[in-house]
Structure formats: C-alpha cells, structure tokens
Amino acid sequence: MPESKRPFRVIVVGGGVVGLTASHCLQKAGIDHVVLEKRAVVAPPEGASIALYPHGSRILHQLGCFEAVEKACVPGRNWLTRYPDGKKFMDNGYFQHLQENHGSSLLVLERREFLQIMYDKLPDKSYIKTSSGVKSIKETPDGVEVTLVNGDVETGDMVIGADGVYSMVRSVMWEQANKASPGLITVQEKTSIKTQWKSLIGVTPNIPELGDRDVTVVNGTGRSLLALSQPDRAYFFFIFRVDEPFTWPKRANYTDQDAEDLAQQFADHPVSDTLVFGELWKRRTRGTLIPLEEGVLTHWHHGRIVLAGDSAHKVTPNIALGGNSGIESIAVLCNHLQRLLQDGGATANKPKPTAAALDAAFAAYQTERLKRMQDILAVSSLITKVQAWDTRWHRFMATWLLPLQADRTTADQMSEIIRKGPKLEFVEVEGFRKGRVPFDDERGVGRGKGLEGAAAPISSLFLLLRSLGALAAFFVVWQGTRLALAANI
Ligand SMILES: Cc1cc2nc3c(=O)[nH]c(=O)nc-3n(C[C@H](O)[C@H](O)[C@H](O)COP(=O)(O)OP(=O)(O)OC[C@H]3O[C@@H](n4cnc5c(N)ncnc54)[C@H](O)[C@@H]3O)c2cc1C
C-alpha cells in the first residue's frame, strides 16, 4: 500500500501482559497495529502467578476478558502473616474486605494462563506476530521503520515499547533523545532502575498446610516468603536482599545452579509452623531465581516512541501492582490515541496527526500516569522492606504498627489505590461489579491524581500516626477500666 494511503498504524514491541492488552484496546479503538513478540508462543511456561486487583479487572471487563480470568481461579480467603519461625501473628480478612469495597477481590491465577486467556479472547489474533524479535528502530520523516531479527521490516506511525524492564525500545529512545536534545536523558534517570532484591519463584501442586485459597507471608530479616494457594496448586516467592545492589544496564543472569544453591541454603526456613521451604522447593513443577528491579522513569516518550508497562515503571511484586499498573498505563495511552484519532485520523482517507500532535498526546499520557506510578513504586518498595524487616524501623512497623491496625485497614488502604484506577474511556464499563467504594470517575473526580486525596494513603508516617492513635485509645480505655475497677464502679 502506498505510504500516504496506509491507515495510522501502531507498532507494539512485546507481546507480554501489556502488549496483549494493547492489542485488545487498539482493536476496540479501531486503530491498525501489529504486536511483535520475540518468543515463539505468547504464553510460555514461565513465571509463577499474577494477581489482579479490581482496577485491573475493571479494564479486563471492558475488554471482555474478566469473566474468563475469574473462572480460572477461586476467590481468596485468608491473609496470614508469620514470624520467621513460622508462627502466625496476623490473620486478616483482606480478600473479604476488598470484595466488600469493590464487589470483586484480588484474583490469583497462573501468569501463563492469564496470558493465554488474553490471547484467546482477542477478537482478531492476526495482529499478533510471534517469533518476531525486534532488532532496530528507525524514525523516518513521516513514520517509523522497525527491523526484525529475521530481516523483515514493519512500517508504522509510532512505536509502543511494551518490551519489559530491559526494553530495547527504551534504549533506542534514549539514544535518539540525547542525539536530538543533548543531556535530556541523564545518567541519573538511566540508573534509576535498581535491583535490590532477588526472588526464588515457582509453582507446586497444592500443599494442604498452605490452604486452598490463602496468602501466607513469612517475615524475615533481609528476606520474606510469600505463598499463594489455590485448590490445585500454590505459587511461591522467596525474596532476598541482594548482597550488592546494582542498576541498569547491569543485569543479573542467575543460573539453575544459583537457584538450587540458594534454595538449599534456606531449605529449613519455615513457611508455617509445620512446613519448611525445602518441602515446597522439592515438590515444585517449576522454579527459578530472578532479579526484582524497581524504578520509575521520568521520560516515557520521545519522537514517535512511547513506553508502557515495565519498560517505563517497574515495581517489586509484594503487593502485586506491576502488571495491574501496566494494564492501566496501556489503557490510558490508548485513551489518548483514540481521542487523537477519533475524527477519522485512524483511517487511510484522512490526514494523519502531525508529529507535534502525537508528541502532545504522549506528553498528556505521561502526565496522567507519572505521579501515580511514583506513588505506587513508593508503596510497593515500602511493603517489600516491611515484610523483609529491612531496618529496625521496618521490623517495628511489621510487628507492632501493622498488627495494631483494624482488620479492614489494609484493604481500605489498598482501596485508596484501586479507586483511582483509570478505565478505557471509549468502551462501555456497564455491568462491572460495584462495592462500597466507588471508583473516582464514578464520583466525577478528575483523572491524573496521585494517591493523595480524601482518605489516608499508605506511608510510614501514616502508619505511625494511626498506630499511635490506636495506642492512645487503648491507654485511655485501659486506664478508665483500671480506675473504674479501683473505684468499684
Ligand atoms: C515474581 C513476580 C511476580 C509478579 N506478580 C505480579 C502480580 O501478582 N500482579 C501484578 O500485577 N504484577 C505482578 N508482577 C509484575 C508483572 O509481571 C509485570 O509488571 C508485567 O509482566 C509487565 O508486563 P510488560 O508487558 O510490561 O512486560 P513483560 O511481561 O516482561 O513482557 C515483555 C514482552 O516483550 C518481549 N520482548 C522483549 N524484547 C523484545 C524484542 N526486542 N522484540 C520483541 N519482543 C520483545 C518479551 O518476550 C515479553 O513477552 C510480578 C512480577 C514478578 C517478577
């Protein structure tokens, strides 16, 4: 097709969580695209679980995928927190409270199964090209040329980098940005993707001690262990501080032997009062050691390239917000693209948006997302540290402040994040569950806000103040009771 007659076309690099969600959104928006995935299959047998919160689920509902995701798992029940010796010290109704707040709770399913559902539910699968690793990207005066490892060339009008935390699209973008505006992408930004943690992750057949739908979090000094059970299997994440933190472009390539050695070293680490980690590891059907990177970039776009998902914002997995955030980001980006192209710009007959209009849409997307992702990074990072008793202060928070919170407080704090989640603005949302906490857009609150707002966000200071309040109330009641007893009232 001659260049001028080609409709506006998006090239998505990466067919993971964000790439597949991108195809759903772009198909709904009627925008031509191709998703280029380097692997031979979209759902390889890798990773462990993915947990979806109601704000991610709401977008999946808009895309027609929520029902299948919900069917693939059973709702969670207990959230148990244990000391390093396996003794339980907290048990809260997190799942139940989330359910009450939002009408749906946290859904835990195998990551591979989630990716397969996202693929199976695509209205048109011909947009997805597997075995299509991208080698290079060139911006031309009126578009982009993307060259694959196999020599094929894809042309389009823009590139979405949905190629994960070690994104090659981002490297190309940085190079082009610094060429066009020397000094724009600084060393500080490039090295803001840090690795401070690593994790043994895996899947085992169900182990009765872990329940059939529960989350177990074992605290430790410099480590934490998370196990998520379902009736037929359990997923585990044994998270450790790395000896020497490092930043991009260094990348840890752990071997099977590294995983085995670490697992053996901590084989006797309790998971409950009757189970040790070695028993999980021995029964695993899959297990590996991976680095856990974290960081949020300050530049998410340049020229005709824009980033979404782990390529722009990466968080630790302790509160399961990484994938949910990627789904949010791609939904917001597609909202801006749909708005830009709605007057016929997506068709071959109308003039395409100018580079400046595209740049403005990308900038609006970044503005809408940046603060929220910085806040989510801070919360994820804090919880990772609290669960691993990273310092005495984190240990105090884990063992004194959090247990003093009311049973539903943790869920209510998470609801502060959930209610600010975006939706696709050009797709019907009717029929999604509702709970006692409406989404901000249902209350007419504007887009682009961070976690600050009417209710309290999660932070060290907030936890301290709330817990000091609880201590003060306890002291007043205790003194009152003592005085009343003394006075024989
Ligand atoms: C242990 C662990 C547990 C997690 N648990 C949760 C959870 O419970 N809930 C949650 O919300 N999030 C969770 N996350 C985070 C979540 O998995 C990620 O945030 C999410 O997968 C990011 O999606 P993405 O599409 O941006 O990147 P990825 O899923 O990494 O996908 C990138 C894709 O790009 C492809 N690719 C890379 N380079 C190229 C190239 N040059 N050409 C073509 N294709 C390329 C890759 O093959 C891959 O398929 C977890 C993460 C980890 C590590």
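Residues numbered from 1 in each chain as written. Predicted model: local features only at pLDDT ≥ 70, side-chain atom pairs only at ≥ 80, totals over all residues. Heavy atoms only, no water.

(A) Representation of the site of the ligand. Around the ligand there are 32 residues in total, and Glu37, Ala51, Arg111, Asp310 and Gly323 lie nearest to it. Glutamate 37 places a side-chain nitrogen or oxygen 2.6 Å from an oxygen atom of the ligand. Within the backbone of alanine 320, a nitrogen or oxygen atom sits 3.2 Å from an oxygen atom of the ligand. When the ligand sits alone it has 990 Å² of accessible area, and the protein chains cover 88% of it. Counting only elements with at least two residues in the shell around the ligand, the list comes to helix H1 (17-29), strand S3 (49-52), strand S16 (286-296) and helix H10 (322-341). (Near = heavy atom within 4 Å. Polar contact = N/O pair within 3.5 Å; in protein donor to acceptor, adjacent residues only side chain to side chain. Areas by Shrake-Rupley, 256 points an atom, 1.4 Å probe, with all protein chains shown as cover. Helix = DSSP H or I, 4+ residues; strand = E, 2+ residues; numbered from the N terminus.)

(B) Spatial organisation of the confidence of the model for the protein chain. Averaged over every residue, the pLDDT of the protein chain is 91; residues scoring 70 or more account for 89%. This stretch, residues 448-456, has a pLDDT under 50; its non-local contacts, to residues over four places away or in other chains, come to 24 contacts. pLDDT under 50 marks residues 474-481. Its contacts with residues more than four places away, or in other chains, come to 0 contacts. Complex prediction metrics read pTM 0.92 and ipTM 0.97. (pLDDT = per-residue confidence, 0-100. Contact = heavy atoms within 4.5 Å.)

(C) Summary view of the packing of aromatic side chains. Following the criterion strictly, the structure yields 15 aromatic pairs and no others. When the centroid spacing of 6.1 Å and the interplanar angle of 35° are considered together, the rings of phenylalanine 277 and tryptophan 281 count as tilted. Of the two residues, phenylalanine 277 and tryptophan 281 are both situated in helix H9 (residues 277-283); the distance of 4 residues between them amounts to about one turn of the helix. The burial state of phenylalanine 277 is the same as that of tryptophan 281; both residues are buried. Clustering of aromatic rings is evident, with ring pairs tying together Phe236, Phe238, Phe240, Phe266, Phe277 and Trp281. Taking the ring centre of tyrosine 119 as reference, the NZ or CZ of lysine 125 above it sits at 5.7 Å. (Phe/Tyr/Trp six-rings, centres within 6.5 Å; stacked < 30°, edge-to-face > 60°. Buried < 20%, exposed > 50% of the residue type's maximum accessible area, 1.4 Å probe, protein only. Lys NZ or Arg CZ within 6 Å of the ring centre and 35° of its normal.)

(D) Region of the structure containing the sheet that holds strand S5 (residues 88-92). What the 8 strands build is an open sheet, ordered S5-S4-S13-S14-S15-S12-S16-S19; its pairing is mixed. With one partner strand each, in any of the chains shown, S5 and strand S19 (313-314) form the two edges of the open sheet. Here S16 pairs with S19 via 2 bridges, running antiparallel. Looking across to S19, one finds that valine 296 is bridged to histidine 313. (Pairing = 2+ DSSP bridges.)

(E) Region of interest: the state of the cysteines. For the coordinates displayed, the defined rule picks out 0 disulfides. In this structure cysteine 25 is not part of a disulfide, and its nearest cysteine sulfur, from cysteine 334, lies 4.5 Å away. For cysteine 334, a relative accessible area of 1% translates into the label buried. (Disulfide = S-S within 2.5 Å.)

(F) Inspection of the environment of isoleucine 290 at higher detail. Its location among the elements puts isoleucine 290 in strand S16. Classification of isoleucine 290 as partly exposed rests on a relative accessible area of 27%. Each C-alpha atom, one on isoleucine 290 and one on leucine 200, is 6.5 Å from the other, the two residues being 90 residues apart in sequence. The contacts of isoleucine 290, once residues within four sequence positions are left out, are Lys198, Ser199, Ile201 and Tyr254.

(G) Region of the structure containing the pattern of salt bridges. Taken as a whole, this structure holds 35 salt bridges when the rule is applied. Among the ionic pairs, lysine 314 bridges to glutamate 293, the shortest N-O distance being 3.7 Å. Of this pair, lysine 314 sits in strand S19 while glutamate 293 sits in strand S16; the two residues are 21 residues apart in sequence, bridging distant segments of the chain. Of the two residues, lysine 314 and glutamate 293, neither departs from the other in class, the shared state being buried. The shortest N-O distance in the salt bridge between glutamate 442 and lysine 434 comes to 3.1 Å. (Salt bridge = Lys/Arg side-chain N within 4 Å of Asp/Glu carboxyl O.)

(H) Region of the structure containing the side chain of serine 23. Here serine 23 shows up in helix H1. If near-sequence neighbours (up to four positions away) are discounted, serine 23 is found in contact with His33, Val35, Leu122, Tyr127 and Ile128.

(I) Focus on the environment of histidine 313. As for its position among the elements, histidine 313 is in strand S19. A residue is classified by how much of its surface remains accessible, and histidine 313, at 2% relative accessible area, is buried. A C-alpha to C-alpha distance of 22 Å links histidine 313 and leucine 200, two positions 113 residues apart in sequence. Those residues in contact with histidine 313, other than ones at most four positions away along the chain, are Gly295, Val296, Trp300, Ser325, Gly326, Ser329 and Met373. A polar contact is formed between the side chain of histidine 313 and the side chain of serine 329, at a distance of 2.8 Å.

(J) Molecular detail of the packing of H1 against H10. Across the interface, H1 lies against H10 with an axial gap of 9 Å and an inter-helix angle of 30°. Compared by their axis directions, H1 and H10 come out roughly parallel. As H1 packs across H10, the resulting crossing turns out to be right-handed. Contact with H1, carried on its side by Val17, Val18, Thr21, Ala22, Cys25, Leu26 and Ala29, involves Gly323, Gly326, Ile327, Ile330, Ala331, Cys334, Leu337 and Gln338 of H10 and no other residues of that element. Its residues placed into classes, the contact of H1 with H10 shows 11 nonpolar, 4 polar and no charged. (Axes fitted to C-alpha atoms, helices over the stretch in contact; angles between N-to-C directions. Parallel < 35°, antiparallel > 145°, perpendicular 65-115°, else oblique. Left-handed = near helix turned anticlockwise from the far one by under 90°. Nonpolar A, V, L, I, M, F, W, Y, C, P; charged D, E, K, R; others polar.)

(K) Broad picture of the sheet that holds strand S2 (residues 32-36). Spatially, the 6 strands line up as an open sheet ordered S7-S2-S1-S11-S18-S17, and their pairing is mixed. Two strands in the sheet have a free side with no partner beyond their single neighbour: strand S7 (128-129) and strand S17 (301-302). With respect to the sheet, H1 is in contact with strand S1 (9-13), S2 and S7, its orientation differing from that of S2 by roughly 170°. Where helix H6 (residues 168-180) meets the sheet, its contacts fall on S1, strand S11 (158-161), S17 and strand S18 (305-307), and the angle it forms with S18 comes to roughly 130°.

(L) Summary view of helix H5 (residues 111-120). By the burial criterion, the buried members of H5 are Phe114, Leu115, Ile117 and Met118. Axial view of H5: buried residues confined to an arc of 160°, hence all on one face. The secondary structure elements touched by the buried residues of H5 are H1, S3, helix H2 (54-62), helix H3 (66-71), strand S6 (107-110) and H10. (Arc of directions from axis to C-beta.)

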